[in-house]
Each structure stands twice: as C-alpha cells, then as structure tokens.
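Commentary on secondary and tertiary structure
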Amino acid sequence: MLPSMGQPLQPGLRYVQTILTGTSTSAAGWVSRIQPDTAVLLGFVWIREKYEITDPQKRAKQPYPSVVVCNHLGFAELLYLVFSDGCCFVSKDTNRALPFIGKISEVLQSIFVDRGEGGRPEGAANNGNTSTHSTSSGTEGRSTTDQILERAHAPPGTWPPLALCPEGTTHTGHCLIRFATGAFRAGLPVQPVCISMPFSPVHGYDPSFSCANIVTHVLGLMTQPMNHLHVTHLAVYVPNAAEKADARLYANNVRCRMAEELGVGMYELTWTDKLQFEISEKARELGRKKLAERHGGVVPPPPVFTQDPFGNPLLESKKDK
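Rules behind the numbers
Residues numbered from 1 in each chain as written. Predicted model: local features only at pLDDT ≥ 70, side-chain atom pairs only at ≥ 80, totals over all residues. Heavy atoms only, no water. Helix = DSSP H or I, 4+ residues; strand = E, 2+ residues; numbered from the N terminus. Buried < 20%, exposed > 50% of the residue type's maximum accessible area, 1.4 Å probe, protein only. Contact = heavy atoms within 4.5 Å. Pairing = 2+ DSSP bridges. Axes fitted to C-alpha atoms, helices over the stretch in contact; angles between N-to-C directions. Core = buried A, V, L, I, M, F, W, Y, C linked by side-chain atoms within 4.5 Å.

**Observations concerning the environment of phenylalanine 199**
- Mapping phenylalanine 199 onto the fold places it in the loop between strand S7 (190-196) and helix H7 (214-222).
- Take phenylalanine 199: its relative accessible area is 22%, and that puts it in the partly exposed class.
- Sequence separation between phenylalanine 199 and methionine 226 is 27 residues, and the spatial gap between their C-alpha atoms is 9.5 Å.

**Things to note about the environment of tyrosine 250**
- Structurally, tyrosine 250 is set in helix H9 (residues 247-262).
- Here the alpha-carbon distance between tyrosine 250 and asparagine 240, two residues ten residues apart in the chain, equals 8.6 Å.
- Beyond its immediate chain neighbours, meaning those up to four positions away, tyrosine 250 contacts Phe184, Gly187, Leu188, Pro189, Val190, Tyr237, Pro239 and Glu243.

**Observations concerning the sheet that holds strand S3 (residues 88-92)**
- Ordered by their spatial adjacency, seven strands build an open sheet running S1-S8-S7-S2-S5-S3-S4, and the pairing between neighbours is mixed. In this open sheet, the two strands that pair with only one neighbour each are strand S1 (46-51) and strand S4 (111-113). Averaged over all neighbouring strand pairs, the angle between strand axes comes to 25°, with direction disregarded.
- Taken together, the four bridges between strand S2 (residues 67-70) and S7 define a ladder with parallel strand orientation. Across the sheet, residue cysteine 70 finds its bridge partner in S7, namely valine 193.
- This element, H9, spans S1, S2, S7 and strand S8 (228-233) of the sheet and lies at about 40° to S7.

**Quick notes on the nonpolar core**
- Leu81, Leu162, Phe184, Val190, Leu229 and Val254 are the most contacted members of the largest nonpolar core, which has 42 residues in total.
- Contributing elements (two or more residues each) for this core: S2, helix H4 (76-85), S3, S4, strand S5 (162-164), S7, S8 and H9.
- No other element matches H9, which puts five residues into this core.
- Setting aside residues up to four positions removed in sequence, valine 254 forms contacts with Val69, Phe179, Phe184, Val190, Pro192 and Tyr237.

**Examining unusual backbone geometry**
- Despite not being glycine, glutamine 109 shows a phi value in the positive range, around 60°.
- Relative to the assigned elements, glutamine 109 resides in the loop between helix H5 (101-107) and S4.
- The exposure class assigned to glutamine 109 is buried, which follows from its relative accessible area of 0%.

**Notes on the pairing of S7**
- When you tally the buried positions in S7, you get six out of seven residues, the bulk of the element.
- Pairing between S7 and S8: four bridges, direction antiparallel. Opposite cysteine 194, over in S8, you have threonine 232 as the bridge partner.

Given below as structure tokens:
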C-alpha cells in the first residue's frame, strides 16, 4: 500500500522510505539508484555540480532550507534532485498516470495538483497558489499552499525534502519567467538550485522539454551520445524582514539571484502565456480562454520575438532598412 500524501509517515515507515529512496545521508535506496541509470539512458552521462559555498563545513552550517526551488527545464533536474537529496515535488496530477514515474512520485509523498483545464487560476501550476487544491490522498479540501506551509514548518526529517519549480512549467532555460509565491509564503530560508543544459545550436538536440511531444523528445535525447546537465547550488537564501512580510518581493528577489547566476533575463510570463505555443490544440484553446479571462474577454496577439534563444536577430531592424 502506498503512503498517504496527507500526513507524515511514522518514524519506522519514514526510515524505510529513506532507505528505499536514498537521501544525502543514505544514498543506497533503489529509487535513488534507478534515477542515475535513467539519466544515463537519456544521455545525461556527466553532471557538473557547482556550489556557491565551496567549503563543505561552511555549507553544513547554513540555515536548514524549508524547500528547494529550481528552474524547470525537463526531466533531468528532477531525477538529479531525487538522487542527490531524496526530494519529493509539487507535481501536476496527470503525472500520477505515468508508468513507473507516477508510483515513484507517490512513494516519495509528492504533492499532486489539479492543473484544472476547467478553472485553474493564473500562475498556479506547480507553485502552491492558494487557489489550487491537491488531489493527493488524505488532502481533500486543502490548498496546495497549506500543504507546502505544513511541510516547510515541520521539523527536518518529518517529510522528504520538498522541491518546487516556482515557474510552474518547463521552458528552454534561456530566461526565467514569473515565480509564483507558494514556496515563499512561509518566510523561511530556501535553497535555490540553478539548472542549465548547454548544447550545440548547430548540430545538437535541445534537451529542455518545452512544447514538445514527450515520445519524440525522449527519442531525441537518446540520439545524442551525451547531454549536459549543469547544477549550481547557491547559498541558502535567508529572507530579510521585508521579504518575510511580502512573499512576492521574496519570490522576485530569489528569481533575480538565480537569473544573475544563470546569466539570463527575466520575463513576467506564466504557464498561461506558454499554452498558446503548445502542440496540442486543446492546450492552445485553453490558453486562449485563460488569456481572454485575463484581458477582459479579448485574446491579445502573441508576443513578437526579435531574437532566437541564442541572441541571433530574427527580424530586420530599422537600421537595416
């Protein structure tokens, strides 16, 4: 029987869960061994880790982070966080139906959120927006934020470490979009983790998963001899008094620090803005509906991009005319 996602396990079962999944102090778990094998199968044979605080003793003296926050490019960073720290996640409910991955997510006691084709609020994917409700067993009627706050305030070891992707969706990694506030409302320290997947724009396959068919994406990953995953652990971010009082300020400042480390820009875009570029007509229609709701019943024209992800101009500038 799989554990309930609505309450922490008893100490004995929590110990068994730790052994099964593996953590930074117990990396012998079968789940944590499967994750690097899966990553290798997808071509991620070399992972570069970097720490802002290079001294392990100094890192150990940092405040304990309530949650891990990272930018979301695809599968690889999630596999890494399970392997390295035994993390569970805030995940869309449809992921529970995925073979193998869904059951592992349940064993890890992840928080599952209904992305709600019928009424999901703006910016609520994978972020703990107060308007979204969990579909995990034992959590009926509780908002995602309530569960995040419960785990953030729980003593270390009560739950598996919780990792969130506050952007709420995947993208190519060439920018950071708007962070939702669910991970920051507790006003507690967080652990920012920056992810990048460099590849050759000439003859390489983009390993990020964005607006693509999952089967063709996995096959594309497997066609390359090597995919690169770069992981940077920033220092634990401790909020000041103003950030504790204002979750939006806290989220924006963490995003600024991560964007600085990654060397990318920031845009006030959300999951809703991305929907209009999805391959599914159903997703595009949902995007048009939500954009119309946001803009008073009128769907705005799609944004005009003047550069590709690598900074190359797409449109003729006025100077060239």
